[in-house]
Amino acid sequence: MTETAPDQPAPESHPDLPRARMAARIVGLIIPVGLVIVGVIVTLAWLPRLPNPVAVHWSGAGVADGFGSPMLGLFLFPVAGLTMAALYFLQRAPHWVTGQRPGGDIWGPINRLTPAIALGGAVVIFSLNMVTTAIQLDLPDARQLEPNLAVTIVPAVAGLAAAVLGYFAQPRLRVSATVEAETGEPLELAPAERVAWVGTIGVSRAYLWIMGASLVVLVACLILVASIRPAEPVGISIVGASLLVVVVLTVTCMRFNVRIDERGLEARSFVGWPVMRVPAEQVVTVEVGDIHPFGEFGGWGWRLSVDGKIGIVMRTGEGIRVTRRTGRPLVVTIDDAESAAAALATAAQQARAGSVAPDGQTGTERANGSLGEVTE
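Engineer: Please give an account of the overall build of the protein that cites residues and values.
Structural biologist: Of regular secondary structure, the protein possesses nine helices and 14 strands. When the 376 residues of the protein are sorted by exposure, 42% land in the buried category. If you take every contact in the protein between residues at least 6 apart in sequence, the share linking residues at least 24 apart comes to 68%. For the protein, the accessible area works out to roughly 19,100 Å², and carbon and sulfur atoms hold 63% of it.

Structure representation (structure tokens):
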């Protein structure tokens, strides 16, 4: 009996996949929820020994500068911890939105990274709860607290260590989607003819829903952080920068205009950036097949996979895969991928043969999904 190597493409059922899924569930969901439960139990046990009010906010220097009811921690820390645990389900969100599942079993680094991040965040919150509560036990007045850097250093170090351990505690497994790709066949053209293809790459409904939800969450977080007094410049900067990045990525990746001609392939965002070009003479092969953005790239948009591919992937479905002489392979989701692949294969063949027509001449034209021949 032959067993597939962990980091090679595999058929639909991989022997190590159940173990990887269980490890991800333990790391990203079970342990974070368990920390929430432990935190609530310990806080309830310590509640009679806490001053009223307690310190509920700390500066970066470990100085208590905000105070409130002891009951506040019983609400804020569990909610924050459960939010971290909910990150475990993030990788399933696209399938919930579309109602579809990718073909076969897909597993990769993103499936290890998401639970590890959830665990790291949960440990940060749990540590912050334990440290800030423990240093206030039996104090008559929380305002007597001395500055204590432990409230910032301990949670950060513990969270980072937990995330790293959580990542490496899971099996190193990569299961790629089964791809049935067909090689694009060049068109038969006269020596003075050339080929051109024009199309667009649009976003899917799932992309719009999830990016829209991300924007709503980040805006709400920014409002919440900005409303805290005294103000937290670092927190506002982090959330504000995250919001800006999501806005830029959402806008720039809404639509790409694609052109294939004698020069090769160019995919340009409708706002002008980013731009991806593959010269015709660099094209080795062009294949047509299904593309799974989350399984191969960990998400949508302009992406880089762990195995070195560059992707402009906006949905699950048909697209082209371009192998280059030098540089990373390119994966593009696009409608009418068979015609696009034929056009690029033709351009590559002409470039290799040195029979590209001069600029300004017109040969075979491919525009908006329909081929039309124009003879000089």
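Engineer: Give me the lowdown on the confidence of the model for the protein, citing residues and values where you can.
Structural biologist: In this model, the protein carries a mean pLDDT of 80, and residues with pLDDT of at least 70 account for 82%. Looking across the protein, the model is least confident in strand β14 (residues 370-373), with a mean pLDDT of 38, and most confident in helix α1 (residues 17-46), with 94.

Engineer: Quick one: what's the story with the pattern of salt bridges, residue by residue and with numbers?
Structural biologist: One pass over the structure, following the stated rule, counts seven salt bridges. A salt bridge links Asp-138 to Arg-49; the shortest N-O distance between them is 2.7 Å. You can see Asp-138 sitting in the loop between α4 (109-134) and α5 (150-169) and its partner Arg-49 sitting in the loop between α1 and β1 (54-58), a full 89 residues away along the chain. One salt bridge connects Glu-266 with Arg-268, and the closest N-O pair in it is separated by 3.5 Å. Classification of Glu-266 as partly exposed rests on a relative accessible area of 26%. Within the structure, one salt-bridge network assembled from shared partners comprises Arg-259, Asp-261 and Arg-263.

Engineer: How would you sum up the packing of α4 against α5? Please name residues and give values.
Structural biologist: Following both chains from N to C, one finds α4 and α5 inclined at 155°, their axes separated by 7 Å at the closest point. Classed by the angle they form, the pair α4 and α5 counts as roughly antiparallel. Crossing geometry of α4 relative to α5 is assigned as right-handed. Note on element contacts: α5 touches α4 through Ala-150, Val-151, Val-154, Pro-155, Ala-158, Gly-159, Ala-162, Ala-163, Gly-166, Tyr-167 and Phe-168, opposite Pro-109, Arg-112, Leu-113, Ala-116, Leu-119, Gly-120, Val-123, Val-124, Ser-127, Leu-128, Val-131 and Thr-132. Grouping the constituent residues of the contact of α4 with α5 by class yields 17 nonpolar, five polar and one charged.

Reading the values: the criteria
- Residues numbered from 1 in each chain as written.
- Predicted model: local features only at pLDDT ≥ 70, side-chain atom pairs only at ≥ 80, totals over all residues.
- Heavy atoms only, no water.
- Helix = DSSP H or I, 4+ residues; strand = E, 2+ residues; numbered from the N terminus.
- Buried < 20%, exposed > 50% of the residue type's maximum accessible area, 1.4 Å probe, protein only.
- Contact = heavy atoms within 4.5 Å.
- Areas by Shrake-Rupley, 256 points an atom, 1.4 Å probe, with all protein chains shown as cover.
- pLDDT = per-residue confidence, 0-100.
- Salt bridge = Lys/Arg side-chain N within 4 Å of Asp/Glu carboxyl O.
- Axes fitted to C-alpha atoms, helices over the stretch in contact; angles between N-to-C directions.
- Parallel < 35°, antiparallel > 145°, perpendicular 65-115°, else oblique.
- Left-handed = near helix turned anticlockwise from the far one by under 90°.
- Nonpolar A, V, L, I, M, F, W, Y, C, P; charged D, E, K, R; others polar.

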